[in-house]
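Fold and contact review
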Amino acid sequence: MAGASTTTTTQLTIDGSVAPEVNIRELHEPKEREKWGRGIEFLLSCIALSVGFGNIWRFPYTAMQNGGGAFLIPYLIMLLLVGRPLYYLEMVMGQFASRGCIKVFDVAPLMRGVGVGQTLALLLILGYYAAVLSVSVRYSVASFGSPLAWARCEPDWSGCVDSEFKGRVQNASLRPSAEYYFNRTVLHNFWTVEDGIGVPDWKLAVCLLLCWMCITGILIKGIRSSGKASYFLAIFPYVILLVLLVRTCTLEGADQGILYLMKPQWEKLIDVQVWYAAVTQCFFSLTISLGSVIVFASYNSFTNNIYRDAMIISWLDTFTSIVSGIVVFVIVGNIAHITGNRVEDMQLQGPQLTFITYPDAIAKFDAAQNVFAVLFFLMFFLLGLGSNTGIVTTIVTAVRDRFPELPNWKVVISIAIYGFCCGLVYITPGGLHVLDVVDKYGVTLTTLTLVMLEIVTFCWMYGVEQIGHDIQLMLSRRTGVFWRVCWSFVTFGIIAVIWVFSFIQYTPLPVPLGVTVFGWCLYAFVISQVAIWAVYALCERKEEKLLDRIKAACQPTSDWGPEDSTVRSQYQTERSKRSEENRAQSVGVGKCVLRKMCNTFVQK
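What you are looking at is a predicted structure, and each value in this text was computed from that prediction instead of being measured. (Residues numbered from 1 in each chain as written. Predicted model: local features only at pLDDT ≥ 70, side-chain atom pairs only at ≥ 80, totals over all residues. Heavy atoms only, no water.)

**Details of helix α7 (residues 177-186)**
Test applied: Burial status follows relative accessibility: with a 1.4 Å probe on protein chains alone, a residue under 20% of its type maximum counts as buried, one over 50% as exposed, and anything between as partly exposed. In this text, helices come from DSSP runs of H or I with a minimum length of four residues, and strands from runs of E with a minimum of two, each type numbered from the N-terminal end.
Summarising burial for α7: 8 of the 10 residues are buried, a large majority. Considered for burial, the residues of α7 that qualify are S177, A178, E179, Y180, Y181, F182, N183 and V186. Of the residues trailing α7, H188 is marked for its positive phi of about 50 degrees.

Structure representation (C-alpha cells):
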C-alpha cells in the first residue's frame with residue numbers, strides 16, 4: 001500500500017496533473033481524524049477523565065490502607081518521577097501520531113500487544129467504574145428523603161449509632177448508621193463469597209442502566225459532543241468539593257483526621273507495599289498507562305501546547321487528591337471522635353470509605369442536609385461520568401482505528417451493553433469481593449507490567465532522542481534534561497523495582513482459592529496479548545532470518561508520523577538523515593543503546 005502510494009505521488013509530480021491527486025488521496029490517505037472543537041475542550045476533557053474516582057474514591061482509601069501521612073510522601077515522589085513524566089510522554093505520542101492506544105504502537109509493531117493489553121484492562125475497569133457510579137445514583141435518589149435514609153439507625157441494626165448524632169458515645173464497638181445503610185440496605189453485603197456472590201439488587205440495576213444511558217447519550221455523536229459536556233463535567237464538581245472542605249473542617253475530631261493524613265509514619269517508608277500503592281495510585285488518578293491519555297491527545301491539532309496542558313492537569317490532579325483526602329480523613333476523624341476509636345483503627349476501605357464517610361458527615365450538618373446530599377452525589381456522579389466517558393472513548397477509538405467503517409454509534413452502544421452486563425456482577429451482595437480481585441489482578445498488576453513495556457517501546461526502541469526531536473517539531477521547544485532522564489532511566493527503574501517486590505511480598509486476598517485463580521487467569525490473559533501480537537507481527541514480516549524479522553518489527557511502520565502528509569514527509573526525511581548518521585557511527589545493538597542513553601543528557 002505504501003509503495004503504491006509513493007509511486008503515484010511521483011507520477012503526479014512529473015505529469016503535473018491535479019485531478020488524479022484527489023482520487024489517490026481518497027484511496028490511500030487515511031481519513032482526517034476528528035478534532036476537539038477548541039483547545040479548552042481537550043484540557044477540560046482530560047481534567048474530567050483524570051480527576052474522578054481515582055481522586056475522590058481511590059486516593060482516600062489507598063491512603064487509609066497505607067498509613068495516611070506515610071503514603072502521602074511516596075505518592076508525591078512517585079507523582080514527580082513516574083506520574084508526570086508518563087503523562088507528558090503519552091500526550092506527546094498521541095498528539096504527534098494522531099493514533100489511538102493500539103495504533104500508536106505502529107511505532108514498533110512487535111509491541112502492539114501492549115496497546116491491546118491496556119485496552120483489555122480498560123474493559124475490566126469499565127465494569128466496576130460504572131457499578132460504583134450506579135451506587136451514587138442510588139444515594140442521589142435517597143438524598144431527597146427527610147430525614148436522610150442513612151441518618152438514623154433501624155431497629156434491627158444492633159451496635160448502631162445515628163450518623164446525625166454529634167455527641168460522643170462511650171462504646172467504641174458502635175458503628176455509624178451510614179455504614180449499616182451501605183452494607184445492609186444498598187448492597188446487602190456478603191462478608192464472604194464461599195457460597196457465591198448472590199443476585200444483583202434491582203434498584204441498583206435500574207441505576208446502572210441509567211448511568212449507561214447517560215454515557216451513551218454523551219458519546220453517541222463522537223468526540224465533539226463529549227468535548228461540549230466536559231465544560232460541566234470538569235468544573236462543577238470543584239464547587240461542591242470546596243464547599244464540603246470548608247464545612248467538614250468544622251466537625252469535632254477533624255484535627256485528628258488531618259493529623260493522621262499529614263503526619264508521616266517514618267517506619268512505613270521502608271515498606272515496599274506503600275511505594276507500590278503510591279505508583280498504582282498515580283496510574284489511577286492520572287489515568288496513565290491505560291491508553292486514555294494517548295487517545296485524548298490524538299484528537300488534538302498537531303501544534304497544541306500539550307506541555308502546558310500536562311502541567312496544568314497533573315498539578316490540578318494532585319490538588320484534587322489532597323483536598324478529597326483531607327475531606328475524607330476529617331470525616332473519619334469525626335467518626336472516630338464520636339465512637340471513641342482511633343483514626344488508624346477505623347477499618348473502612350474501598351467504596352465503603354466514600355459511601356460511608358461522606359454521607360455520615362452530611363447527616364451531621366445543621367441545615368440543608370438534603371441539599372448538600374444531592375449536590376455531593378451529583379458531584380460524585382459527574383466525576384464518575386467524566387471518567388467513564390473517557391474510558392469508553394478510548395475503547396471506541398481502539399475499535400474504530402482498526403475498523404473505521406463501523407459507525408460510532410454502533411460501537412458505543414455495543415460497549416454500553418457489555419458494560420451494563422459486567423456491572424451487574426459488582427452490584428450483587430458479593431460484588432465488592434469480585435471488585436477487589438479484578439482490581440488487584442486484572443487491572444493494578446497488569447497495568448504495572450504493561451507500563452514497563454510501554455516505556456521500553458517508546459523510550460528505548462523509538463528512542464528518547466527521537467521523542468525530543470518530535471517535540472521540537474510539534475511545539476518548537478527543547479525537552480529538558482529532567483524529562484529525558486526520567487524517560488530513559490528513572491521512571492522505568494522505579495516501576496521495575498516495585499514490580500519485582502510486588503511479587504516477592506505477594507499476599508492473596510481473603511477470598512476462596514478459585515476466585516484467586518480467576519484473578520491470576522485475568523492477569524495471564526491480558527499480559528499474554530503482548531506475546532500473541534508479537535508473534536503475529538513477526539509472521540507478517542518477509543525477512544528470512546528471525547533476527548532480521550525482530551529488528552524490522554521494532555522499527556516504525558512506513559506510514560508512522562504526523563497526520564498531515566507535508567509534515568510527515570518532513571519528519572521522515574529528517575529521521576532518515578539522523579538514522580544514516582547514527583548507522584555510520586554505530587557497530588552493534590549494544591553500542592546503539594549506549595549511544596541513546598548518552599544522548600539523554602544532551603539533546604542535539
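Having put the structure on the table, let's press on.
**Brief notes about the packing of aromatic side chains**
The condition that has to hold: Aromatic rings from Phe, Tyr and Trp, taking only the six-membered ring of Trp, are treated as a pair when their centres fall within 6.5 Å; an angle between ring planes under 30 degrees marks them as stacked, one over 60 as edge-to-face, and anything in between as tilted. Only when the NZ of Lys or the CZ of Arg is both within 6 Å of the ring centre and within 35 degrees of the ring normal is a charge said to sit over the ring.
Under the criterion given, the structure shown has 37 aromatic pairs. Centroid distance Y462 to W560: 5.9 Å. Interplanar angle 75 degrees. Geometry classified as edge-to-face. On the criterion of sequence distance, the pair formed by Y462 in helix α17 (residues 431-475) and W560 in the loop between α20 (546-553) and α21 (565-585) is long-range, its members being 98 residues apart. You'll find Y462 and W560 in the same group, each marked buried. Site record: aromatic cluster; members linked through ring pairs are Y139, W150, Y181, F182, F355, F376, F377 and F380. For the cation-ring pair, R402 lies above F403, with the distance from its terminal atom to the ring centre recorded as 4.9 Å. Residue placement shows K440 over the ring face of Y441; its charged tip is 5.9 Å from the ring centre.

**Some details on the packing of helix α4 (residues 53-65) against helix α11 (residues 272-286)**
Rule in force here: The axes used here are C-alpha line fits, helices contributing only the stretch in contact, and every angle between their N-to-C directions lies in the interval 0 to 180 degrees. Any angle from 65 to 115 degrees is called roughly perpendicular, while one under 35 is roughly parallel, one over 145 is roughly antiparallel, and all others are oblique. When checking whether two residues touch, look at their non-hydrogen atoms; a contact exists if any pair is within 4.5 Å. Note on residue categories: nonpolar means Ala, Val, Leu, Ile, Met, Phe, Trp, Tyr, Cys or Pro, charged means Asp, Glu, Lys or Arg, and polar means any other residue, Gly included.
In the contact formed by α4 and α11, the axes pass within 10 Å of each other and the chain directions differ by 170 degrees. On the basis of their axis angle, the class for α4 and α11 is roughly antiparallel. Contacts between α4 and α11 involve G54, N55, R58, F59 and T62 from the first element and A277, T280, Q281, F284 and S285 from the second. Of the residues belonging to the contact of α4 with α11, the class tally is 3 nonpolar, 6 polar and 1 charged.

**Some remarks on the UniProt feature "binding site: Na(+)" (unreviewed entry) in the protein**
Where we set the bar: UniProt positions are given in the numbering used here, feature names are shortened, and annotations may be inferred rather than shown by experiment.
This chain's UniProt record puts "binding site: Na(+)" (unreviewed entry) on V51, N55, S285, L383 and S387. Spatially, the listed residues are clustered: although they cover 337 residues, their C-alpha atoms lie within 12.0 Å of one another. Within the secondary structure, V51 sits in the loop between α3 (39-50) and α4. Those residues in contact with V51 that lie beyond four places of it in its chain are C46, Y238, S285, D317, T320 and L383. Here N55 lies in helix α4. Excluding residues within four positions of it along the chain, N55 makes contact with S50, P60, S285, D317, T320, S321 and S324.

**Regarding the pattern of salt bridges**
Side-chain pairs of opposite charge can arise whenever the charged atoms involved come near each other. Cut-off, in case you're wondering: We count a salt bridge whenever a side-chain nitrogen from Lys or Arg sits within 4 Å of a carboxyl oxygen from Asp or Glu.
With the rule as written, the count across this model stands at 9 salt bridges. Close ionic contact of D106 with R112 constitutes a salt bridge, the shortest N to O distance being 2.5 Å. R112 carries the same exposure label as D106, and that label is buried. One connected set of salt bridges, linked through shared partners, spans R99, K103, D106, R112 and D559.

**Things to note about the nonpolar core**
Quick reminder of the rule: The set of buried Ala, Val, Leu, Ile, Met, Phe, Trp, Tyr and Cys residues whose side-chain atoms join them within 4.5 Å is what this entry labels a nonpolar core.
Within the largest apolar cluster, 181 residues are counted, with the highest numbers of intra-cluster contacts made by M91, Y128, W150 and F458. Of all the elements, α17 adds the most residues to this core, at 20 residues. Setting aside residues up to four positions removed in sequence, M91 forms contacts with F42, C46, V293, A297, I306, D309, A310 and I313.

**What about the state of the cysteines?**
Quick note on the threshold: For the purposes of this analysis, a disulfide is any pair of cysteine sulfur atoms at a distance within 2.5 Å.
Under the definition given, this model contains 1 disulfide. In this model, C153 is linked to C160 through a disulfide, with the two sulfur atoms separated by 1.9 Å. Torsion about the S-S bond of the C153 and C160 cystine: about -85 degrees, corresponding to left-handed handedness.

**Things to note about the packing of helix α6 (residues 112-142) against helix α16 (residues 408-426)**
Put simply, the rule is: Each helix crossing is assigned a hand: it is left-handed if the near helix lies turned anticlockwise from the far helix by less than a right angle, otherwise right-handed if that turn is clockwise.
Interhelical geometry of α6 versus α16 gives an angle of 65 degrees and a closest axis separation of 8 Å. As for how α6 packs across α16, the hand of that crossing is right-handed. Contacts from L123, L124, L126, G127, Y128 and A131 of α6 reach α16 at I415, Y418, G419, C422, G423 and Y426. Grouping the constituent residues of the contact of α6 with α16 by class yields 9 nonpolar, 3 polar and no charged.

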